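Geometric and topological summary
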Amino acid sequence: MPVNIMEKFSMKGKVALVTGGAGLLGREFCKTLAEAGAVVYCADLNIELASQTAEKLAALGLPVRAIQLDVTSTDSTESVVEKIVTESGTLDVLVNSAALDPKFDPTHAQIDSNAFETYPLSSWQDAVNVNLTGPFLVTQAVSRQMVKQGKGSIINICSTYGLGGPDQRLYEKPGQAKVFKPVYYTVTKAGILGFTKYLATYYANTEIRVNALTPGGVFNNHDELFVKNYSSRTVLGRMAKQDEMNGALLFLASDASSYMTGGNVVVDGGWTAW
């Protein structure tokens, strides 16, 4: 008997780990996977924010648990995976959502206006450690469990700025010094796509699938000028709402995408279609 399409989207009986789970999109991903039936571990370096996220979702009757995770630490990533498997017996989905982004990271937001010529090596290294080494370490720990199970879905969160360079004009404001989107963001997000394709082909002839989800700009209290300028670049004429990546995320996490690996789902309002 063919499986009902809605059943393919069900996450009942699944266990998911979302890194950066207390972040803007991470919170949405935790909620989505839990609503679909999964037990979700909301992992974040900031355990207080992770706990607040988990408590809010648990109050809605959703099975979300907070766990502290430093994605740049081998000890932390391995202990988190061990704890999840000990508690839940399996680990079926990994969402690599943790990343440094100047919008949410004040310490790296405007270092000398983020000019490339003077961008500090230490800041570059910090970003590479979180945005590239982090997914490497977490995925390495999770994949060992998925190999034992013989199945799993790994989703790496990219960005349209990983597909092409940022339009630096968006960050210009009349009468103010020029500010740039920093170099690390495009470079590390482009690296995530390469990481995705490598893992997908590495796990060829298995049921471990690896895909990327590439969001466009998501509204998060941006100023009016930025929203206007950004929106004019999209086919739909607006920024994304915070919940508009959830459908694609659930598709990639669930059996609805069972014949998809090494792919990249772009949800950008048509930004890259022009």
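Above this text sits the structure in question.
Residues numbered from 1 in each chain as written. Predicted model: local features only at pLDDT ≥ 70, side-chain atom pairs only at ≥ 80, totals over all residues. Heavy atoms only, no water.

1. So, the overall build of the protein chain
Defined as follows: Here a helix means four or more residues in a row that DSSP labels H or I, a strand means two or more in a row labelled E, and each is numbered from the N terminus. Our radius of gyration is a C-alpha quantity, and the globule rule it is checked against amounts to 2.2 Å times the number of residues to the power 0.38. Buried residues are those whose accessible area, probed at 1.4 Å on protein chains only, stays under 20% of the maximum for their type, while exposed residues exceed 50% and partly exposed ones sit between those limits. Surface accessibility follows the Shrake-Rupley procedure with a 1.4 Å probe radius. Residue values consider only the protein chains on display as shielding. Charged residues are defined here as Lys and Arg on the positive side and Asp and Glu on the negative side; His and the ends of the chain fall outside this count. By convention, the point assigned to a charge is CZ for Arg, NZ for Lys, CD for Glu and CG for Asp.
A tally of regular secondary structure across the protein chain gives eight helices and seven strands. Against the compact-globule benchmark of 19 Å for 274 residues, the protein chain has a radius of gyration of 18 Å, which places it among compact chains. Each of the 274 residues in the protein chain was classed as buried or not, and the buried ones make up 49%. Carbon and sulfur atoms form 55% of the exposed surface of the protein chain, whose accessible area is close to 13300 Å². In the protein chain, 23 positive and 26 negative side-chain charges are present, and the distance between their average locations comes to 6 Å.

2. Quick notes on the nonpolar core
Rule in force here: Only buried Ala, Val, Leu, Ile, Met, Phe, Trp, Tyr and Cys residues count toward a nonpolar core, and they belong to the same one when joined by side-chain atoms within 4.5 Å.
With 37 residues, the main nonpolar core has Leu-17, Ile-84, Leu-91, Leu-94, Val-138, Val-142 and Leu-170 as its most contacted residues. When residues of this core are traced back to their parent elements, those giving at least two are strand 1 (15-19), strand 2 (39-44), helix 4 (74-88), helix 5 (121-149), helix 6 (183-202), strand 6 (207-215) and helix 7 (224-231). Among the elements that make up this core, the one with the highest residue count is helix 5 (six residues). The next biggest cluster of nonpolar side chains, apart from the first, holds 32 residues, and it includes Met-11, Leu-33, Val-40 and Val-93.

3. As for the pattern of salt bridges
Inclusion rule: When a carboxyl oxygen of Asp or Glu lies within 4 Å of a side-chain nitrogen of Lys or Arg, that pair is called a salt bridge.
Within the structure shown, the criterion is met by 11 salt bridges. As a salt-bridge pair, Glu-35 and Lys-31 come within 2.6 Å of each other at their nearest N and O atoms. Pair noted here: Glu-35 and Lys-31 are both in helix 2 (residues 24-35), with a separation of four residues, about one helical turn. Classification of Glu-35 by relative accessible area gives partly exposed; the value is 48%.

4. Things to note about the pairing of strand 4 (residues 93-96)
Heads up, the rule is: A pair of strands counts as paired when DSSP detects no fewer than two bridges linking them.
Residues Val-93 and Val-95 point to one face of strand 4 and Leu-94 and Asn-96 to the other, with burial holding for every one of them. Here strand 1 pairs with strand 4 via three bridges, running parallel. Bridged to Ala-16 within strand 4 is Val-93. Relative to strand 5 (residues 151-157), strand 4 is paired through four bridges, and the arrangement is parallel. Bridge pairing links Val-93 to Ser-153 in strand 5.

5. Description of the pairing of strand 2
Spelled out, the test is: For a crossover, the right-handed case is the one in which the path from the first strand over the helix to the second runs clockwise, viewed with the strands pointing away from the viewer.
Along strand 2, five of the six residues are buried, which leaves the element largely enclosed by surrounding structure. Direction of pairing for strand 1 relative to strand 2: parallel, over a ladder of five bridges. Its bridge partner being in strand 2, Leu-17 is matched across the sheet by Tyr-41. For the handedness criterion, the β-α-β arrangement of strand 1, helix 2 and strand 2 is classed as right-handed. The pairing of strand 2 with strand 3 (residues 64-68) spans five bridges and is classified as parallel. Note on strand 3: the bridge partner recorded for Ala-43 is Ile-67.

6. Topic: helix 5
Put simply, the rule is: In this scheme, a helix's expected span is set at 1.5 Å multiplied by one less than its residue total. Values of bend correspond, residue by residue, to the angle between axes fitted over the seven residues ending at that residue and the seven starting there.
The first and last C-alpha atoms of helix 5 sit 41 Å apart over 29 residues, in line with the 42 Å expected at 1.5 Å per residue. The largest bend along helix 5 reaches roughly 40° and is located at Thr-133, with the proline Pro-135 sitting one to four residues downstream. Following helix 5 by one or two positions, Gly-150 has its phi on the positive side, about 85°.

7. Focus: helix 2
With 12 residues, helix 2 should reach 16 Å at 1.5 Å per residue; the first-to-last C-alpha distance of 17 Å fits that figure. Within helix 2, nine of the 12 residues are buried, leaving the element largely enclosed by the surrounding structure. Buried within helix 2 we find Leu-24, Leu-25, Gly-26, Glu-28, Phe-29, Cys-30, Thr-32, Leu-33 and Ala-34. One or two steps after helix 2, the chain reaches Gly-37, where phi turns positive at roughly 115°.

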